[in-house]
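What the coordinates show
Spelled out from the first residue to the last, the chains are:
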Amino acid sequence: MRAVLRTVNRVFLGLVGLILLALGGSVLAVGLGVSAPSWWIHDSEHDVLLSNAERTRWRDDGWWWPVVIAALAVLLLLALWWLVAVLRRRRLAEVLVDTGDGEGALLRGRALQDVLTQEADHIDGVDGAQAHLKGGRSTPEAHVRLALEPHVDPGTVLNDFTTGALTRARTSAGLASLPAEVRLKGVKHGSERVS
């Protein structure tokens, strides 16, 4: 679903951008004196976007206002759907833990995220950590951000995280694998005085 949403988002934004660029560029070109084709909505640089006759053409027809209101309502609903879909966080609510008896148990995703975050915070050289789980209930993926203190070897911190916190989380949840995307970021620090 996420890939479909990402594709729809990009196609929609691309089409809107192309339409606005073409319309804005053509209005700018006609305004600068370029001659427009006979079928174009603007004839000259002194032409207005909508004349009085064009604006009031269907005002007295009974079907005009319901169609306008319905079209605007559909556009509003589509825009709200798009906004909610883009802003919604995709965090995993539950992780399916294999208990060995064929039943299984559910572990809250937030609990596993908190444990990963706390254990990553205790690694030497880590100034702050954030962990989020995504994916499916039986195939979770960890997305972790680690803020590193100055003068720390990132390879050592990454190794400590994968062999420590990540391995313990995977084994305690009874998962066959727990893929992780770890982003490392250095903490800004002030300059040091050398004497």
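In short, a report on the structure. (Residues numbered from 1 in each chain as written. Predicted model: local features only at pLDDT ≥ 70, side-chain atom pairs only at ≥ 80, totals over all residues. Heavy atoms only, no water.)

Observations concerning the pairing of strand E4 (residues 140-148)
Across the nine residues that make up E4, a large majority, seven, are buried. Sheet topology note: the strand E3 (residues 126-135)/E4 ladder contains nine bridges and is antiparallel. The residue bridging valine 126 from the neighbouring strand is leucine 148, located in E4. Between E3 and the antiparallel strand that follows it, E4, lie four residues. Direction of pairing for E4 relative to strand E5 (residues 180-186): parallel, over a ladder of seven bridges. What sits directly across from arginine 145, in E5, is arginine 183. (Buried < 20%, exposed > 50% of the residue type's maximum accessible area, 1.4 Å probe, protein only. Helix = DSSP H or I, 4+ residues; strand = E, 2+ residues; numbered from the N terminus. Pairing = 2+ DSSP bridges.)

Some thoughts on the nonpolar core
In terms of nonpolar packing, the biggest core is built from 23 residues, with Leu116, Val126, Leu133, Leu146 and Phe161 touching the most fellow members. Those elements giving two or more residues to this core turn out to be strand E1 (94-97), helix H4 (109-121), E3, E4 and helix H5 (154-172). For this core, the element with the most residues is H5, which contributes five residues. Apart from residues lying up to four places away in sequence, leucine 116 is in contact with Ala131, Leu133, Ala142, Phe161, Ala165, Leu166 and Ala169. (Core = buried A, V, L, I, M, F, W, Y, C linked by side-chain atoms within 4.5 Å. Contact = heavy atoms within 4.5 Å.)

A few points about unusual backbone geometry
Phi is positive for histidine 151, which is not a glycine, with a value near 65 degrees. With respect to the helices and strands, histidine 151 occurs in the loop between E4 and H5. Overall, histidine 151 belongs to the exposed group, its relative accessible area being 70%.

Here we look at H5
Between the first and last C-alpha of H5 there are 26 Å, a value that for 19 residues agrees with the 27 Å anticipated at 1.5 Å per step. Along H5, the largest kink reaches about 35 degrees and is centred on phenylalanine 161. For H5, the complete set of buried residues consists of Val157, Phe161, Gly164, Ala165, Leu166 and Ala169. At the exit of H5 stands glycine 174, carrying a positive phi of roughly 70 degrees. (Expected span 1.5 Å × (residues − 1). Bend = angle between axes of the 7 residues up to and from the residue.)

A few points about the sheet that holds E4
Two orientations exist for strands paired in a sheet by backbone hydrogen bonds: parallel and antiparallel. Taken in spatial order, the three strands of this open sheet run E3-E4-E5, and their pairing is mixed. Only two strands of the sheet have a single partner each, and these edge strands are E3 and E5. Going across the sheet, the axis of each strand differs from the next one's by a mean of 15 degrees, ignoring polarity. Here H5 sits on the sheet in contact with E3, E4 and E5, set at roughly 140 degrees to E4. (Axes fitted to C-alpha atoms, helices over the stretch in contact; angles between N-to-C directions.)

Details of the environment of threonine 99
Tracing the chain through its elements places threonine 99 in the loop between E1 and strand E2 (105-108). Through-space distance from the C-alpha of threonine 99 to that of alanine 173 is 9.2 Å; in sequence the pair is 74 residues apart. In this view, threonine 99 contacts Gly104 and Ala105; residues no more than four positions away in its chain are not counted.

All quantities given are derived from atomic positions and should not be read as evidence of function.
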